[in-house]
Amino acid sequence: GLVLEGNDAPIEVRAQYGGIFLSIASFGLLGAIREAMRDPALLMMCFVYVGLGGGRLVGVIVDAGPLGSYTYAAMGFELIMALVLAALVYRQRAV
């Protein structure tokens, strides 16, 4: 696990794991509410999931070792979501 040392560490974790994802979710919600923002929101979410799943895949390859089922399940979910979102973006552009 992670060891958070010093007063800055928990703040950094909140910013990186909470603040960024709150901003991403807010942009996704904006895309759900405003039709003009739908395509940019879908594309952004696609890139987010590619980054998460791709980062996990690199970690699995580089840090090869015993891993729990969570890593594989999360990576599968993220990469499937990236494909679904890419299909939605493509479908929106084809219409």
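Everything numeric in this text was worked out from a predicted model, so none of it was measured. (Residues numbered from 1 in each chain as written. Predicted model: local features only at pLDDT ≥ 70, side-chain atom pairs only at ≥ 80, totals over all residues. Heavy atoms only, no water.)

## Quick look at the confidence of the model for the protein chain
Okay, so step 1: Across the protein chain, the average pLDDT comes to 92, with 99% of residues at or above 70.
Okay, so step 2: Mean pLDDT across the elements of the protein chain ranges from a minimum in helix H3 (residues 69–94), with 92, to a maximum in helix H2 (residues 38–62), with 95. (pLDDT = per-residue confidence, 0-100. Helix = DSSP H or I, 4+ residues; strand = E, 2+ residues; numbered from the N terminus.)

## Considerations on the packing of aromatic side chains
Okay, so step 1: The full count for this structure, using the stated rule, is one aromatic pair.
Okay, so step 2: With a centroid separation of 6.0 Å and 80 degrees between ring planes, the pair formed by tyrosine 49 and phenylalanine 77 is classed as edge-to-face. Pair noted here: tyrosine 49 is in helix H2 and phenylalanine 77 is in helix H3, with a separation of 28 residues, a long-range link.
Okay, so step 3: Taking relative accessible area as the criterion, tyrosine 49 reaches 17% and is therefore assigned buried.
Okay, so step 4: Classification of phenylalanine 77 as partly exposed rests on a relative accessible area of 47%. (Phe/Tyr/Trp six-rings, centres within 6.5 Å; stacked < 30°, edge-to-face > 60°. Buried < 20%, exposed > 50% of the residue type's maximum accessible area, 1.4 Å probe, protein only.)

## Points about the side chain of glutamate 78
Okay, so step 1: Of note, glutamate 78 is situated in helix H3.
Okay, so step 2: On the accessibility criterion, glutamate 78 (7% relative accessible area) is buried.
Okay, so step 3: One polar contact links the side chain of glutamate 78 to the main-chain amide nitrogen of glycine 53, over a distance of 3.3 Å.
Okay, so step 4: If sequence neighbours within four positions are ignored, glutamate 78 has contacts with Tyr49, Leu52, Gly53 and Arg56. (Polar contact = N/O pair within 3.5 Å; in protein donor to acceptor, adjacent residues only side chain to side chain. Contact = heavy atoms within 4.5 Å.)

## Remarks on a nonpolar patch on the surface
Okay, so step 1: Taken together, the side chains of Leu57, Val58, Ile61 and Val62 make up a nonpolar region of the molecular surface, amounting to roughly 380 Å² of accessible area.
Okay, so step 2: Along the chain, valine 62 falls in helix H2. (Patch = residues over 30% accessible without salt bridge, like charges linked within 9 Å, V, L, I, M, F, W, Y side chains within 5 Å. Areas by Shrake-Rupley, 256 points an atom, 1.4 Å probe, with all protein chains shown as cover. Salt bridge = Lys/Arg side-chain N within 4 Å of Asp/Glu carboxyl O.)

## Focus on the pattern of salt bridges
Opposite charge on two side chains makes pairing possible when the charged atoms of those side chains draw close.
Okay, so step 1: Scanning all chains against the criterion turns up one salt bridge.
Okay, so step 2: For glutamate 78, the salt bridge goes to arginine 56, with nearest N and O atoms at 2.7 Å. Note that glutamate 78 is positioned in helix H3 and arginine 56 in helix H2, a separation of 22 residues in sequence.
Okay, so step 3: Relative accessible area serves as the criterion here: at 25%, arginine 56 is assigned to the partly exposed category.

## Side note on the packing of H2 against H3
Okay, so step 1: Their axes nearest at 8 Å, the elements H2 and H3 cross at an angle of 150 degrees. As judged from the angle between their axes, H2 and H3 are roughly antiparallel. For H2 against H3, the interelement crossing comes out left-handed.
Okay, so step 2: A breakdown of the residues in the contact of H2 with H3 according to their chemical character gives 21 nonpolar, four polar and five charged. (Axes fitted to C-alpha atoms, helices over the stretch in contact; angles between N-to-C directions. Parallel < 35°, antiparallel > 145°, perpendicular 65-115°, else oblique. Left-handed = near helix turned anticlockwise from the far one by under 90°. Nonpolar A, V, L, I, M, F, W, Y, C, P; charged D, E, K, R; others polar.)

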